[in-house]
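Tertiary structure, described
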Amino acid sequence: MNVIKTPKNQTNSGKRELLFTFQTIIVTALLAFTAIAFFFYNQLTVVKGIKVIFAPFLSVVPLLFVLSILRDLRKGFIEGNYTKKQILRFALLTVGITAAFTAITFLLSKINALEILLAGIIAILSTVFFLRSKIKDILGMSIVTGIAEGIIVYMIFLF
Amino acid sequence: MLTGLDTSMQQKQLNIAFFITTGISVVVFIYLVFLGYDEVKTFKDVVKIIGSVLFPIPLLFFIRFIVIEHFLPENTDEYKIKNQKPATILLVVTIVIAMLLMQIIEFLTQKKLEDALVLAHLINSTSISSYVFNYLLYNNLKANGILSGILMALAIHIFFFSA
């Protein structure tokens, strides 16, 4: 909790940015955890070793390309409060993304080769980093929260 | 002088209350871990428990993101007097409702809560982290009442109503 209350970022938008960063770190950790859990539990095998090395490039290269040419899509975090309507809309969006990611994690659990699993996880990770760097808004935050909750819900109830 | 002493005492009481509530939750958690010790055999169960403990954290970050304004400085006597009664009522009502709900669910599914350890972990971790979060950042006494109520109901249920 102390980290959230650092005196450096006392403005509300600064605090929001910090929370957003933390949320992306949590999602990254959860994705790594998912990869490890599926790897050990499903006893995945490496079908073709060379694919493991190339799996990340599938999504990392487009990500870097997009990040380098695209301007920031959102203006950044707002200073004041959100309206009730906005809160409701983004809460619903979060619930929707949670449901979607429960399903996506279920699909990931059906994969039986490590290299394809890695490619999938890194594709999601790239999406998260894209949101982190370009969509600095409540929209990005609700999507990232939805991804985190979707993975956790799958782990609790379906795994 | 007297009022100052009074406020500091109230502040201290609240802190003790905070530590006791957190303590109860930790005890419930340890109890659940020991209760499930025989059942936690596979890697899968460990993953489920980690998941249920982590569940509230992204949600709380999201809530904090939306409701960034502080309510904390309002920790005055006036604020407390105004909220004492509704908070206490909420506490009692929540304890009763939560316990009834758990009894009904157990009756309907014909299963003990102890058999669904993940669910118990989930309720415990969600309510305790919301409690700490509310206490540290907002100090909303009504929310405090509800969350303490859920924690108390869970503790009472686990310690007294499970043979």
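Residues numbered from 1 in each chain as written. Chains lettered and ligands numbered in written order. Predicted model: local features only at pLDDT ≥ 70, side-chain atom pairs only at ≥ 80, totals over all residues. Heavy atoms only, no water.

1. Digging into the interface of chain A and chain B
Interface size, as often reported, equals the accessible area lost upon joining of the parts. Heads up, the condition is: Two residues form a contact once any of their heavy atoms are found within 4.5 Å. As a working definition, buried area equals the accessible area (1.4 Å probe) given up by two parts on being put together, with both sides summed. Whenever a carboxyl oxygen of Asp or Glu lies within 4 Å of a side-chain nitrogen of Lys or Arg, that contact is scored as a salt bridge. In this text, helices come from DSSP runs of H or I with a minimum length of four residues, and strands from runs of E with a minimum of two, each type numbered from the N-terminal end.
The partner chain B presents 25 residues to the 34 residues of chain A that form the contact. Between chain A and chain B lies a buried interface of about 2800 Å² when both sides are counted; carbon and sulfur atoms form 78% of it. Taken together, the links from chain A to chain B amount to 0 salt bridges. Among the secondary structure elements, those contributing two or more residues to the side of chain A that touches chain B are helix H1 (12–41), helix H4 (84–110) and helix H6 (138–158) of chain A.

2. Some words on the UniProt feature "transmembrane region" (unreviewed entry) in chain A
All names here are of chain A. To keep things clear, this is the line we draw: UniProt positions are given in the numbering used here, feature names are shortened, and annotations may be inferred rather than shown by experiment.
Per the UniProt entry, the sites bearing "transmembrane region" (unreviewed entry) are residues 20–41, 53–70, 90–108, 114–131 and 138–157 in this numbering. Overall, residues 90–108 shows 100% helix and 0% strand. The separation of its end C-alpha atoms is 26 Å. Secondary structure content for residues 114–131 is 100% helix and 0% strand, while the C-alpha to C-alpha distance between its ends is 26 Å.

3. Some points on the nonpolar core
Put simply, the test is: Take the buried Ala, Val, Leu, Ile, Met, Phe, Trp, Tyr and Cys residues and link them wherever side-chain atoms come within 4.5 Å; each set so joined is a nonpolar core. Buried residues are those whose accessible area, probed at 1.4 Å on protein chains only, stays under 20% of the maximum for their type, while exposed residues exceed 50% and partly exposed ones sit between those limits.
Counting residues in each nonpolar core, the largest one holds 46 residues, and the members touching the most others are Val27, Phe38, Ile147 and Met155 of chain A together with Phe65 of chain B. Contributions of two or more residues to this core are made by H1, H4, helix H5 (114–134) and H6 of chain A together with helix H3 (56–66) and helix H5 (117–138) of chain B. Sorting elements by how many residues they give to this core places H6 of chain A first, with 12 residues. In this structure Phe65 of chain B touches Arg16, Leu19, Phe77, Tyr82, Asp137, Ile138 and Met141 of chain A, once residues within four positions along its chain are discounted.

4. Notes on the packing of aromatic side chains
The condition is simple: A pair of Phe, Tyr and Trp rings is counted when the ring centres sit within 6.5 Å of each other, with Trp represented by its six-membered ring. The angle between the planes then sorts it: under 30 degrees is stacked, over 60 is edge-to-face, the rest tilted. Charge over a ring is defined by NZ of Lys or CZ of Arg lying within 6 Å of the ring centre and within 35 degrees of the ring normal.
Counted by the stated rule, this structure contains 8 aromatic pairs over all chains. Centre to centre, the rings of Tyr82 of chain A and Phe65 of chain B are 6.3 Å apart; their planes meet at 20 degrees, and the pair counts as stacked. Note that Tyr82 of chain A is positioned in the loop between helix H3 (57–69) and H4 and Phe65 of chain B in helix H3, a pairing that runs across two chains. You can call Tyr82 of chain A buried: its relative accessible area is 9%. Counting every residue linked through ring pairs, the aromatic cluster contains Phe20, Phe77 and Tyr82 of chain A together with Phe65 of chain B. If you follow Arg16 of chain A out to its NZ or CZ, it ends over the ring of Phe65 of chain B, 5.7 Å from the centre.

5. A short note on helix H6 (residues 141–160) of chain B
Applicable threshold: Here the expected span of a helix is defined as 1.5 Å times the quantity of residues minus one.
Here H6 of chain B spans 27 Å end to end across 20 residues, near enough to the 28 Å set by a 1.5 Å rise per residue. When H6 of chain B is considered as a whole, its buried residues turn out to be Leu141, Asn144, Gly145, Leu147, Ser148, Gly149, Leu151, Ala153, Leu154, Ala155, His157 and Ile158 of chain B.

6. Observations regarding the packing of H4 of chain A against H5 of chain A
Residue and element names in this part refer to chain A. Where we set the bar: In this analysis an axis means a line fitted to C-alpha atoms, helices contributing only their contacting stretch, and an angle means the value between N-to-C directions, from 0 to 180 degrees. Angle categories: roughly parallel below 35 degrees, roughly antiparallel above 145, roughly perpendicular from 65 to 115, and oblique for all the rest. Here the nonpolar group is Ala, Val, Leu, Ile, Met, Phe, Trp, Tyr, Cys and Pro; Asp, Glu, Lys and Arg are the charged ones; every other residue, Gly included, is treated as polar.
Where H4 contacts H5, the axes come no closer than 10 Å and their chain directions differ by 155 degrees. As judged from the angle between their axes, H4 and H5 are roughly antiparallel. Contacts between H4 and H5 pair Phe101, Ile104 and Leu108 from the former with Leu117, Gly120, Ile121 and Ile124 from the latter. Across the contact of H4 with H5, the residue classes break down as 6 nonpolar, 1 polar and no charged.

7. Regarding a nonpolar patch on the surface
Residue and element names in this part refer to chain B. Test applied: Like charges within 9 Å and nonpolar side chains (Val, Leu, Ile, Met, Phe, Trp, Tyr) within 5 Å are joined into patches, using only residues over 30% in relative accessible area that form no salt bridge. All accessibility values rest on the Shrake-Rupley procedure with a 1.4 Å probe; residue burial counts only the protein chains present in the view.
Side chains of Val26, Phe29, Ile30, Val33, Phe34 and Val53 sit close together on the surface and give an oily, nonpolar patch of about 490 Å² of accessible area. At 5 residues, the largest contribution of residues to the nonpolar patch is made by helix H1 (residues 2–35). Along the polypeptide, Phe34 turns up in helix H1. On the basis of relative accessibility, which here comes to 61%, the residue Phe34 falls in the exposed class.

8. A look at the side chain of Ser148 of chain B
Convention followed: What qualifies as a polar contact is a pair of N or O atoms within 3.5 Å, subject to a donor-acceptor requirement within protein and to the restriction that residues adjacent in sequence count only when both atoms come from side chains.
Position of Ser148 of chain B among the secondary structure elements: in helix H6. Here Asn144 of chain B takes part through its backbone oxygen, which lies 2.7 Å from a polar atom of the side chain of Ser148 of chain B.

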